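Observations on the three-dimensional arrangement
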Amino acid sequence: MIELAPHDLCTGCTSCANACPHHAITMKADGEGFLYPTIDRNRCVECGLCTKRCPILSPMRRDNTNVPKTFALWSYPDRTVSSSGGAFSAFARNIIKEKGCVWGAAFVNKSKCKHIEAKSLDELVALRGSKYVQSELRDAFSKIKGELQQGIQVLFCGTPCQVAGLQAYLHKEYNNLLTLDLACHGVPSDIVFQAYLKKLSDRKGVNIDRFEFRHLNGWGKAPTVEIRGKLRPIYGIDNLYMRAFDRSALFRSSCYSCPYARLPRLGDCTIADFWGIGRHGKPFKQNVLKGVSLVLANNKKGEEAVSQLENVFMEQRTLEEALIENHNITHPSLRHPQRNLIIHAFLNPNKTLDEIAVEFNLIDKSLKGQIKELASKWHVFDLVKSVYNKYKSL
């Protein structure tokens, strides 16, 4: 009998479901809302293709380097409409210019996170910005394979496990495919995110029209919600989802033993925020207020893609500097000891955000925590960064 990846290791990448020629595998949510493959034994013919295309059961060998070239980067036209420096958009612009397809996570119907494709700069808008929730892939891999076989240039951006799933599904190298993996902390389920939005809406007494995890014009901004057409930042208990996220309390089980949080990375390039740039070693005499992207070129294809980027600021830095404040590039997140209880509390319709915050002590009430909250609320971080930037430029 065919056995798929164990529950605690399966990433939900959909490679097996896309690969099955008999459509015997469907993705179904477990009790925490995470999607897992389920086999219809009446359709399954025991061909074993699903296990051969599973990146956990049959991992593929990649010849990426352990010492990737490291760049600080921002895209001039995209920096102020991106949650970091706009590196993803810079790569995407080159693909779209070649009449190619760009695949990335987007909020569909305002708050449902799915992987969709963009073929124009207008369609690219939905793919920008951070989404701290696992996106649905559905039949994305099979569509991408069809595009690649037609000779279309394709860019795929996703979590490392999604990149691994695509590579396992394709099972061969395509010169016309460029992959970007993200420096990922871990992924909560969409159902937990939707439960949080419902509790937030109840707490504020209004419908939440749209949720934005990070403001798209600079670092250090709080999440925002759109209410009656106006974007409003949220703090404290209203921001409890991200407080739980930051404590690694909402992630899929496989995230805590992620085999991809290491060097060498899986994608042709890795993209992230370049947290701490200039604070560790070589000074960085540029204004970082609007965000700086980190790009690791993990192989020759990645290096070539970086060299072809247009209208960008780019400076080579050291890998050592990049890793100091990007722990998840080389290490999985540590599981919160109350992770299961916290997820079920979010899913409990009778529990309010206030009750969850108190029960699990998710709000930092220390003096330091309160100062950080006020600093974020009153944009003190922006002022400090501005002064720091001027000092560094002297």
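Let me begin by describing the structure that accompanies this report. (Residues numbered from 1 in each chain as written. Predicted model: local features only at pLDDT ≥ 70, side-chain atom pairs only at ≥ 80, totals over all residues. Heavy atoms only, no water.)

1. Comments concerning the overall build of the protein
A tally of regular secondary structure across the protein gives 14 helices and 13 strands. For the protein, the C-alpha radius of gyration of 21 Å lies close to 21 Å, the compact-globule estimate for 394 residues. Seen through its C-alpha atoms, the protein measures out along the principal axes to roughly 65 × 55 × 35 Å. The proportion of buried residues among the 394 residues of the protein is 54%. Partitioning the intrachain contacts of the protein with sequence separation of at least 6 by distance along the chain shows that 72% fall at a separation of at least 24. (Helix = DSSP H or I, 4+ residues; strand = E, 2+ residues; numbered from the N terminus. Rg over C-alpha atoms; globule rule 2.2 N^0.38 Å. Buried < 20%, exposed > 50% of the residue type's maximum accessible area, 1.4 Å probe, protein only. Contact = heavy atoms within 4.5 Å.)

2. A few points about unusual backbone geometry
Going from Leu263 to Pro264, the amide bond is cis rather than trans, its omega being 0°. Among the secondary structure elements, Pro264 is positioned in the loop between helix 8 (240-246) and strand 11 (269-273). The residue Arg138 is not glycine, and still its phi comes out positive at about 50°. With a phi close to 60°, His171 is a non-glycine residue in the positive phi region. Following the sequence through the fold, His171 ends up in the loop between helix 6 (160-170) and strand 7 (177-182).

3. A closer look at the pattern of salt bridges
Summed over all chains, the structure comprises 26 salt bridges. For the salt bridge of Lys69 with Glu303, the shortest nitrogen-to-oxygen distance reads 3.7 Å. Taken together, the residues span a long stretch of sequence, with Lys69 in strand 3 (residues 69-75) and Glu303 in helix 9 (residues 300-307) at a distance of 234 residues. Given the relative accessible area of 39%, Lys69 is considered partly exposed. By relative accessible area, which is 23% here, Glu303 ends up partly exposed. Here Glu315 makes a salt bridge to Arg317, at a shortest N to O gap of 2.6 Å. (Salt bridge = Lys/Arg side-chain N within 4 Å of Asp/Glu carboxyl O.)

4. Comments concerning the packing of aromatic side chains
Under the criterion given, the structure shown has 19 aromatic pairs. Considering the side-chain rings of Phe193 and Phe211, the 5.5 Å spacing of their centres and the 80° angle between planes classify their relative orientation as edge-to-face. Here Phe193 is found in helix 7 (residues 190-204), whereas its partner Phe211 is found in strand 8 (residues 210-212), with 18 residues between them in sequence. Accessibility expressed as a relative area gives 0% for Phe193, which makes it buried. Classification of Phe211 by relative accessible area gives buried; the value is 4%. (Phe/Tyr/Trp six-rings, centres within 6.5 Å; stacked < 30°, edge-to-face > 60°.)

5. Focus: the sheet that holds strand 10 (residues 230-233)
Strand order in the open sheet formed by three strands is 8-9-10, and the pairing between neighbours is antiparallel. Strands with a single pairing partner mark the edges of an open sheet, and in this sheet they are strand 8 and strand 10. Strand-to-strand twist across the sheet, computed as the mean angle between neighbouring axes with direction ignored, equals 25°. In this structure, strand 9 (residues 224-227) lies alongside strand 10, joined through four bridges in antiparallel fashion. Residue pairing across strands places Glu226 opposite Leu231, the latter belonging to strand 10. Here helix 7 sits on the sheet in contact with strand 8 and strand 9, set at roughly 110° to strand 8. (Pairing = 2+ DSSP bridges. Axes fitted to C-alpha atoms, helices over the stretch in contact; angles between N-to-C directions.)

6. Details of the pairing of strand 9
The alternating pattern of strand 9 places Thr224 and Glu226 and Val225 and Ile227 on opposite faces, both of which are buried. Inspection of the sheet shows strand 8 paired to strand 9 by three bridges, in the antiparallel sense. Of the residues in strand 9, the one forming a bridge with Arg210 is Glu226. Between the antiparallel neighbours strand 9 and strand 10 lie two residues, among them Arg228 with a positive phi of about 55°.

7. A short note on helix 12 (residues 353-360)
The set of residues buried in helix 12 consists of Leu353, Ile356, Ala357 and Phe360. The arc that holds the buried residues of helix 12, viewed along the axis, is 100°, so those residues lie on one side. For helix 12, the secondary structure elements touched by its buried residues are helix 7, helix 8 and helix 11 (339-347). Positive phi appears at Asn361, one or two residues downstream of helix 12, with a value of about 50°. (Arc of directions from axis to C-beta.)

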